[in-house]
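Examination of the molecular architecture
Each chain, written out:
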Amino acid sequence: MLVIPGDKKRLVEAITWVGQDRLLSVGLNGEIMEFDLQRLCPKYALNAFGGPLWCMSCNYEETYLAIGCEDGSVKLFEIGPEKLQFERNLDHQKGRILSLAWHKLGTMIVTGSLDNIRVFNVKSGHCTIRISVDQGDVIFHNRVCVIWSISFLSDYTIVSADSSGKIQFWDCKTGTLLRTHPVTKCDVLSLAVNEAEDSIVVGTAEGTIAQFQRVAVKSEVVGTEWVRTKTFKHHTHDVRAVVHTTSALVSGGVDSQLVIRPLMDLVETKSYESALRKVLFPHRNLVCCSRTENLLLFQFPEQLELWRLGSSQAVGVPGDVLPISKKPEKLLELKSQSCHHIRSCALSPCGTWIAFSTIHRLRLYRIHYKNDSIKVNVFRKFAKTLPSAHQLLFSADSTKLFIAFDHSRIQVVPLPMLAFKSRLCLAPKSDNPTTICLLAVSEDGNWLAAASCNYEINIYNLTELKHHCTVPVYNHLPTAIAINPHTNNLITVHADQQIFEFSINEKKYTDWSRKLQQQGLHSLWLERDTPVIHITFNPRVATQIIIHDTYMFCIIDQSLPLPNERLHLYNQGTLKLMPVHARKKQEHAFKICKKYKPLLHVELLLDGSLVVVERPIMDINAQLPAMIRQKKFAT
């Protein structure tokens, strides 16, 4: 997963793709922005001079972009090979433009605003049809009807979704209402049509999703009719966006979940591909740990927080809850002091260095601990000489800072001298325009691994400061990488849940990795939805690897046999109840714990303590706006 950092002054209201390699957005700051998908940052911004921007849409040929503005204007921009160019305005209308859509021929644009739907002739720029929309209910008769979303079908039918809880079908040529479908008693916020134009999906403010399909009707006049066929409830709050692909419905909203529901009428057999998937964010590690000093650094969008872990003097057996003798302590809070969100951060293993970067600047701090006080030194001159970083990492001995910037290059900065002349740059052998998404350094400080967004993993020799080798490219993006401190073997986990072990010294996959690929991973392991986001190792046992995703952490013991389909993958609970001789027959390499969720970080400290950082769902929901209360039977 690639992430473009946000900006608190840039509230995004709509995004659209131009082809497969250009991404545009508009927002309430009145700017149109195109993003650099290689550098993962804004490429340029244009002021539309129409106030806040609410919506946008490309024509079918992707040669023009239409923008809906707060001042009631629709602005046309020509899509050039490098940049947008303002073309002209369509006729100015009263009221903000909240939604718009192109006809496939590119000759007409339909817009939705307050109480009105308008059709524009693109060539002349004039409004040709104006349709008045009301709430349709006596109770809501005096309220304004907001057209939240709109679509334009090839047969000149307009489909609108509004605040009265209805979707309506209109004849564009005559401006008459063809059909009304009540969906809910609250707002219908989003609408999407599939490519064949025989299915429509809408999202509502109560969290439900409804699907309408065009079906043949048997009557005196042969024809088709739009019928509500399915209703889903996978969200707790507003469904702000829906996408209708050929094989699935994708929805997202205020509850920060991305839900992918396959179209079951297109699925012939029950399989992993036909299962419902809920994607929770983030899919990257946002916690740094100092294993020797028992410190945790938390990355928030606009600030960093440094905490010292609590401790207990009591002794117990596994499963006991021990009383805390020393509570966790918040030591420091660092703010970015700009409107740009933090892109990456790092905490040195010794706990005395902190670095973070936004898309525009890098910051480095040195922390001095004196009794109960903390002193912070900021290296401003140092930061000005370096570009912003995509990834940051300190060496295991805290003497070097690795800064990954554009074109998959890595700068090695010695600490604490910070001498400009002594900085060295590492780069892959072939030119790589993509960015680095993951870094890992060996415990002995001899090796550095860097994973790029084009699936390539390069390994560098830090003693000779040169490129060592490239790991054979796998066709899925790596989500977590780490170097085993006992063997200097590189462990990688990819987006399809596959696990590889690569010997850096021998420049080839290990025997254990080849055995794992020959036998294959357990089907339940491969069917997990969330990717592994962190890898660590047991400092006392060379064969134990600890990995985690959002819903579980797993200790992989390479000395034990791999699980096959006959064995139960999640068997830790049943193994405890078995006698010792029977337990050995059922043991396998994957020891999975699903007690803690959602997980942000799992780390094994040098004293043998396991640190688990949770982000409870109830805590997240408490920060969301109140849900729409629905009357239920007997309540």
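The model shown is predicted, which means the values in this text are computed figures rather than measured ones. (Residues numbered from 1 in each chain as written. Predicted model: local features only at pLDDT ≥ 70, side-chain atom pairs only at ≥ 80, totals over all residues. Heavy atoms only, no water.)

Attention now goes to the overall build of the chain. Tallying secondary structure elements over the chain gives six helices and 50 strands in all. On C-alpha atoms alone, the chain measures out to a radius of gyration of 28 Å, which is about the 26 Å that the 2.2 N^0.38 rule sets for 635 residues. For the chain, the spread of C-alpha atoms along the principal axes amounts to about 80 × 65 × 50 Å. The burial tally for the chain puts 49% of its 635 residues in the buried class. Sequence separation of 24 or more characterises 45% of the internal contacts of the chain that already satisfy a separation of 6 or more. (Helix = DSSP H or I, 4+ residues; strand = E, 2+ residues; numbered from the N terminus. Rg over C-alpha atoms; globule rule 2.2 N^0.38 Å. Buried < 20%, exposed > 50% of the residue type's maximum accessible area, 1.4 Å probe, protein only. Contact = heavy atoms within 4.5 Å.)

Right, let's talk about unusual backbone geometry for a bit. Cis geometry marks the peptide bond from Lys597 to Pro598, where omega comes out at -15°. As for its position among the elements, Pro598 is in the loop between strand S48 (590-593) and strand S49 (599-604). Phi at Ser398 is positive, roughly 60°, even though this residue is not glycine. Mapped onto the elements, Ser398 comes out in the loop between strand S33 (391-394) and strand S34 (400-405). Phi at Asn488 takes a positive value of approximately 60°, unusual for a residue other than glycine.

Turning next to the sheet that holds S33. The four strands lie next to each other as S33-S34-S35-S36, forming an open sheet whose pairing is antiparallel. The open sheet has two free edges, formed respectively by S33 and strand S36 (424-426), since each of these has just one partner strand. Across the sheet, the mean angle from the axis of one strand to that of its neighbour is 20°, orientation sign disregarded. Looking at chain direction, S33 and S34 are connected through four bridges and run antiparallel. (Pairing = 2+ DSSP bridges. Axes fitted to C-alpha atoms, helices over the stretch in contact; angles between N-to-C directions.)

This next bit is on the pattern of salt bridges. The tally for this structure, following the rule as stated, stands at 15 salt bridges. Between Asp406 and Arg39 there is a salt bridge; the shortest N-O distance is 2.8 Å. Of this pair, Asp406 sits in the loop between S34 and strand S35 (409-414) while Arg39 sits in the loop between strand S3 (31-36) and strand S4 (41-47), and the two are 367 residues apart along the sequence. Given the relative accessible area of 33%, Arg39 is considered partly exposed. The closest approach of N and O atoms between Asp238 and Arg240, which form a salt bridge, is 3.5 Å. The network of salt bridges with shared partners includes Glu305, Lys330 and Glu333. (Salt bridge = Lys/Arg side-chain N within 4 Å of Asp/Glu carboxyl O.)

Time to look at the packing of aromatic side chains. Evaluation of the coordinates by the stated rule reveals nine aromatic pairs. Here Trp525 and Phe590 contribute two aromatic rings whose centre-to-centre distance is 5.1 Å and whose plane-to-plane angle is 70°, an arrangement assigned as edge-to-face. Of this pair, Trp525 sits in helix H3 (residues 523-526) while Phe590 is found in strand S48, placing the two residues 65 residues apart along the sequence. Residue class for Phe590 comes out buried when judged on its relative accessible area of 2%. The ring of Tyr44 carries Lys83 above its face, with NZ or CZ at 5.4 Å from the centroid. It is Arg528 that lies over the ring of Trp525; its NZ or CZ is 4.0 Å from the centre. (Phe/Tyr/Trp six-rings, centres within 6.5 Å; stacked < 30°, edge-to-face > 60°. Lys NZ or Arg CZ within 6 Å of the ring centre and 35° of its normal.)

A separate point is the side chain of Ser73. One can find Ser73 in the loop between strand S6 (64-69) and strand S7 (74-79). By relative accessible area, which is 3% here, Ser73 ends up buried. One polar contact links Ser73 to Asp71, side chain to side chain, over a distance of 2.7 Å. With sequence-adjacent residues up to four places away left out, Ser73 is seen in contact with Ile67, Gly68, His92 and Ile97. (Polar contact = N/O pair within 3.5 Å; in protein donor to acceptor, adjacent residues only side chain to side chain.)

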